[in-house]
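Topology and contacts: notes
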Amino acid sequence: MAPFGHPLALVAASFAVAFAVAVMVDGFAMPAKVRAANRPRPPASLLVDLLARAAVVAVVFALFFAISWRPLYAAAGTISTLAIFTLISRAKYEFIREPLVFSDIALVMLVFRHKEMFYAGWLNILFWLVAFGYVFGASALFMIFEPSVLPAANRPVLIALMAVAAILPWLLPLERHARRTLAAISAKLTGNHDIKVLTVRLGTLAAVTYSFLTWLGMRPNTLQAPAETGIGAPAVASRHTAPPLVVIWQSESFMDMRHFGVSSLALPNLDRLRRRAAEWGRMSSIFEGGYTLRTEFSVISGLPPDQLGPDASHPYLRAGPYADIAWPNRFRKAGWSTHFIHPYDRQFFSRDRALPQLGFEALTMLDAFDHDREHEGPYVSDLTLSRRVLDRCREDGGKGQFLFAASMENHGPWHPGRHGDANDPLDIYLAILQRSDAALGHLADELDRMDRPVWLAFYGDHAPMLKSFADPFPDPRTDYLIVPMGHAAGGVAAAGAPAEKAPWRIIADMVRHAGFGNWLASGGPATDIAR
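Overview of the structure.

Here is what the cut-offs are and how they apply
- Residues numbered from 1 in each chain as written.
- Predicted model: local features only at pLDDT ≥ 70, side-chain atom pairs only at ≥ 80, totals over all residues.
- Heavy atoms only, no water.
- Pairing = 2+ DSSP bridges.
- Helix = DSSP H or I, 4+ residues; strand = E, 2+ residues; numbered from the N terminus.
- Axes fitted to C-alpha atoms, helices over the stretch in contact; angles between N-to-C directions.
- Buried < 20%, exposed > 50% of the residue type's maximum accessible area, 1.4 Å probe, protein only.
- Salt bridge = Lys/Arg side-chain N within 4 Å of Asp/Glu carboxyl O.
- Parallel < 35°, antiparallel > 145°, perpendicular 65-115°, else oblique.
- Contact = heavy atoms within 4.5 Å.
- Nonpolar A, V, L, I, M, F, W, Y, C, P; charged D, E, K, R; others polar.
- 1 Å grid on protein atoms, 1.4 Å probe; cavity = no way out; pocket = protein on both sides within 12 Å on 5 of 7 lines; lining within 4 Å.
- Points joined across faces, edges and corners; volume = space filled by probe spheres on them.
- Expected span 1.5 Å × (residues − 1).
- Core = buried A, V, L, I, M, F, W, Y, C linked by side-chain atoms within 4.5 Å.

1. Concerning the sheet that holds strand β4 (residues 362–364)
Taken in spatial order, the seven strands line up as β2-β7-β6-β1-β5-β3-β4 in an open sheet, and their pairing is mixed. At either end of the open sheet lies a strand with only one pairing partner, and these are β2 (279–283) and β4. Between one strand and the next, the sheet's axes are offset by a mean angle of 15 degrees, whatever the strand orientation. Alignment of strand β3 (residues 337–341) against β4, held across three bridges, turns out to be parallel. Bridge assignment links I341 to a residue of β4, and that residue is T364.

Laid out in structure tokens, this is it:
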């Protein structure tokens, strides 16, 4: 410590080194072409960004220093923490073209519980041995060889003061007035920049931190569907005595690969339904290769992502403000039954908490399926799901039904063993895609036989993550169709030509075709989300 003259000088020098290295490491968070695409910022803005980064680094540094009173250890711990965040963010970007977002923290436990789903098979015993070996081994070495700078005088007071200084920043967001102040500062700092721009500007950890604080202090207005756009009572709206049925089928990673020259693919059921559909074509993508919940929420709510603010990255974390405008609630309030069916963990993406708020009276999830992974594969088949959906359709209870089904069978990874002797991910994906088409055909045939007006909307949630085929996908748009069936089949002309559609228009346009209610000519209800 002699070269620094005083322990405080060593602490300051250690923090400066940690900050400098953190800034250099943050340069690897995004590819060079992404960094180069950002417009240069004025010097004053660059200084603000640098100070914002320094504040986050200081909070992390203070935590390590408070538990050790060793500045070099604090610097090493800070550098390691920021490097880990940066490496994870870069890996995520390389995988699905998005760096870490604050809502990914809510998915951490899901990654450990569903490693296959997140392509995280590397989180094995060897990983944990290396990780814990590094953390505890490096910490032990610093504790042994680096002397503490804690003064001999007034130790209890100094320890207490340092502990408060280290912990207080983490507790401030819990206090209402402090949270509002932090959120206002963070919102001004982040502006309306997306997470890619923020990561380039602030680095991974700072971008995640300030985005989270902005979200935490944001209070969206409760959105309400205008009365004139409500769903009519089933019998009146359908002009039939039998109660109507609406089935929304969200097909996992479904994409007609014939768009990309895969001529060997046969999807006869998709083709025949297109010929009788009121509308069909390509659906614009919310996200390529993942984040099913974003497409799902957009369809259910009827809201585009740019109207959600920070909620757009994980809308189910805070579904309440969007409850009244969500389509399931609008159907439910008109006297329909509403049901969500998805053969996967009910807690995944917080569906068990969010979907009832959005108006689903009942959830049928994986625990209601007798699924044998060893013999049936990692996911419940689409055919099994279609049979369960049809069982629910036959339980009409004398009133209209709104059913939303989200399939799982064609979720990646498409590794050897999922379809016979096939080893190539594309071949496996195509084979399961054809099974999905067969399940769609079975569902459509049975719906068509029902003695009631039926409307089926089918779409793929996002492009498949087939890096061996394309990276990125040449066109991330998926496929959709809206088909009148049963008693509804005779009163609507087939579209003939395809049309492009946004996910948030799927249910609105189906309602318009079916005559269940009037939709605003402007394209949907206006929203005003206040921060």
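There is more to say after this.
2. A look at the side chain of R505
In this structure, R505 sits in the loop between β7 (478–486) and α19 (506–514). A relative accessible area of 17% means that R505 is categorised as buried.

3. Describing the pattern of salt bridges
Between side chains of opposite charge, a pair can form when the charged atoms approach closely. A full pass over the atoms with the stated rule returns 34 salt bridges. Between R274 and D479 there is a salt bridge; the shortest N-O distance is 3.1 Å. Separated by 205 residues along the polypeptide, R274 in helix α12 (residues 268–276) and D479 in strand β7 bring together distant segments of the chain. Taking the shortest distance from any N to any O, the salt bridge between R394 and D391 comes out at 3.6 Å. Since its relative accessible area comes to 45%, R394 is described here as partly exposed. In this structure D391 comes out as partly exposed when scored by relative accessible area, which is 36%. A cluster of three or more residues bridged by salt bridges with shared partners is formed by D256, R258, D271, R274, R282, D475, R477, D479 and E500.

4. So, the packing of α12 against helix α18 (residues 425–448)
Running from amino to carboxyl end, α12 crosses α18 at an angle of 45 degrees, the nearest separation of the two axes being 7 Å. As judged from the angle between their axes, α12 and α18 are oblique. On the side of α12, the interface is formed by P268, N269, L270, R272, L273 and R276, while α18 contributes D437, A438, L440, G441, A444, D445 and D448. For the contact of α12 with α18, the residue count by class is six nonpolar, two polar and five charged.

5. Focus on the pairing of strand β5 (residues 401–406)
Judged by how many residues are buried, β5 sits mostly within the fold: six of six residues are covered. Looking at chain direction, strand β1 (residues 245–251) and β5 are connected through six bridges and run parallel. Its bridge partner lying in β5, V246 is registered against F402.

6. Describing unusual backbone geometry
Glycine aside, the phi torsion of most residues is negative, and most peptide linkages are trans. The omega angle of the peptide bond from G412 to P413 is 0 degrees, so this bond is cis rather than trans. Following the sequence through the fold, P413 ends up in the loop between β5 and α18. Cis geometry marks the peptide bond from D471 to P472; its omega dihedral reads 0 degrees. You can see P472 is positioned in the loop between β6 (453–460) and β7.

7. Points about the pairing of β7
When a strand is regular, its side chains alternate between the sheet's two faces. Most of β7 is tucked away, with nine of its nine residues classed as buried. Direction of pairing for β2 relative to β7: antiparallel, over a ladder of five bridges. Across the sheet, residue E279 finds its bridge partner in β7, namely I482.

8. Quick notes on empty space enclosed by the protein
Applying the stated criterion across every chain yields a total of three cavities of 30 Å³ or more. Quantified by volume, the largest cavity comes out at close to 100 Å³. As for the largest cavity, its lining consists of 13 residues, and the residues nearest its centre are F95, E288, M465, K467 and D471. Residues belonging to the lining of the largest cavity are distributed by class as follows: eight nonpolar, one polar and four charged.

9. A few points about the environment of V492
Its place among the elements puts V492 in the loop between β7 and α19. C-alpha separation for the pair V492 and R276, spaced 216 residues apart in sequence, amounts to 9.1 Å. What V492 contacts, discounting residues up to four positions off in sequence, is A278, W455, P484 and H513.

10. A few points about helix α3 (residues 43–68)
Here α3 is 26 residues long and its end C-alpha atoms lie 37 Å apart, about the 38 Å a rise of 1.5 Å per residue gives. Backbone geometry just after α3 places W69 at a positive phi near 55 degrees.

11. Some points on the nonpolar core
One broad trend across soluble globular proteins is that nonpolar side chains are buried collectively. Counting residues in hydrophobic clusters, the biggest one holds 88 residues, and the most contacted among them are I248, F404 and I507. For this core, the element with the highest residue contribution is α3, accounting for ten residues. Once residues within four sequence positions are removed from consideration, I248 is found in contact with V299, F402, L403, F404, A405, A457, Y459, I507 and M510. In this structure, M257, L273, A444 and L466 belong to the second largest nonpolar core, which totals 45 residues.

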